[in-house]
Amino acid sequence: KKYTLSARKGKVVLIDFWEVTCPPCVKAFPKLQKLHEKYRDKGLEIIGISLDTDQKELAQFLDKAKPSWKIACSYRGWKDEIVKQYGISATPSTWLIDRQGILREFNLNDEEMDKTIASLIRE
C-alpha cells in the first residue's frame, strides 16, 4: 500500500531506515518497540523503511521480531529511489517528523529520542 507523510499530518512520525544485515539496526528494534508501545496511543506512528534486497531474509527476521509498526521495502536496497531522495548514507537512520509534517530531528540517541518524542507529542 502507498504510504505518504502528508496523510500522517497530526501525528508524530518516526521513520526508521534500516536493514537486516545491520547489527545496530537489529539491536534498535526492541527499543523502537518500547517507544511505540509508550507513545502510539498518544499520536506516534513508526514506519520502518527496509533497505534489504532478500525478501526471504527480511520475512524471517520480521516473523521473529514482530514489529508493531509498518515496514516498507521495495527490495531494491541502496538502489531504491528513496535513498537518493532522502539522502540516506548509512543505516540505521532515524527521522522524527512533527505533527505538521516537518522534519525536526534525526539520528538521536535513545534518551534524546524518548524526550524528543514526548516533547513533539505535547506540541
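Before reading further, recall that the structure is shown in the block above.
A quick note: this is a predicted structure, and the numbers were derived from the prediction, not measured.

Another aspect to go through is the sheet that holds strand 5 (residues 103-106). With mixed pairing, the five strands of this open sheet are ordered in space as 3-2-1-4-5. On the outer flanks of this sheet lie strand 3 (70-73) and strand 5, each paired with one strand and no other. Averaged over neighbouring strand pairs, the angle between their axes works out to 20° when direction is ignored. Relative to strand 4 (residues 93-97), strand 1 (residues 12-18) is paired through five bridges, and the arrangement is antiparallel. Counterpart to Ile15 in the pairing with strand 4 is Trp95. Along the sheet face, helix 2 (residues 55-65) touches strand 1, strand 2 (44-50) and strand 3 and points at about 130° away from the line of strand 1.

On any regular strand, side chains alternate: one points to one face of the sheet, the next to the other face. With five of five residues buried, strand 4 lies mostly within the body of the structure. Alternating positions in strand 4 separate into two faces, Ser93, Trp95 and Ile97 on one and Thr94 and Leu96 on the other, with burial throughout. Of the pairings in the sheet, the one linking strand 4 to strand 5 comprises three bridges and is antiparallel in character. Within strand 5, the position partnered with Leu96 by the bridge is Glu105. Hairpin connection, strand 4 to strand 5: the antiparallel pair is bridged by five residues, and Gly101 has positive phi, about 90°.

Quick look at helix 4 (residues 110-122) now. If you check helix 4, its first and last C-alpha atoms are 19 Å apart, about what 13 residues at 1.5 Å a residue would give, namely 18 Å. Within the sequence span of helix 4, burial applies to Met113, Thr116, Ile117, Ala118, Leu120 and Ile121. Buried positions along helix 4 lie against strand 1, helix 1 (23-39), strand 2, strand 4 and strand 5. The N-cap residue of helix 4 is Asn109: its side-chain oxygen and the backbone nitrogen of Glu111 are 3.1 Å apart.

All told, the structure shown has seven aromatic pairs when counted by the stated rule. For the ring pair Trp18 and Phe29, a centre distance of 4.8 Å and an interplane angle of 65° mean the geometry is edge-to-face. You can see Trp18 sitting in strand 1 and its partner Phe29 sitting in helix 1, a full eleven residues away along the chain. The two residues Trp18 and Phe29 agree in class, both being buried. Taking the centre distance of 5.5 Å and the plane angle of 45° together, the rings of Trp18 and Phe61 count as tilted. Taken together, the residues span a long stretch of sequence, with Trp18 in strand 1 and Phe61 in helix 2 at a distance of 43 residues. Assigned by exposure class, Trp18 and Phe61 land together as buried. Among the aromatic side chains, those forming a connected cluster through ring pairs are Trp18, Phe29, Phe61 and Trp69.

Cut-off values and rules
Residues numbered from 1 in each chain as written. Predicted model: local features only at pLDDT ≥ 70, side-chain atom pairs only at ≥ 80, totals over all residues. Heavy atoms only, no water. Pairing = 2+ DSSP bridges. Helix = DSSP H or I, 4+ residues; strand = E, 2+ residues; numbered from the N terminus. Axes fitted to C-alpha atoms, helices over the stretch in contact; angles between N-to-C directions. Contact = heavy atoms within 4.5 Å. Buried < 20%, exposed > 50% of the residue type's maximum accessible area, 1.4 Å probe, protein only. Expected span 1.5 Å × (residues − 1). Polar contact = N/O pair within 3.5 Å; in protein donor to acceptor, adjacent residues only side chain to side chain. Phe/Tyr/Trp six-rings, centres within 6.5 Å; stacked < 30°, edge-to-face > 60°.

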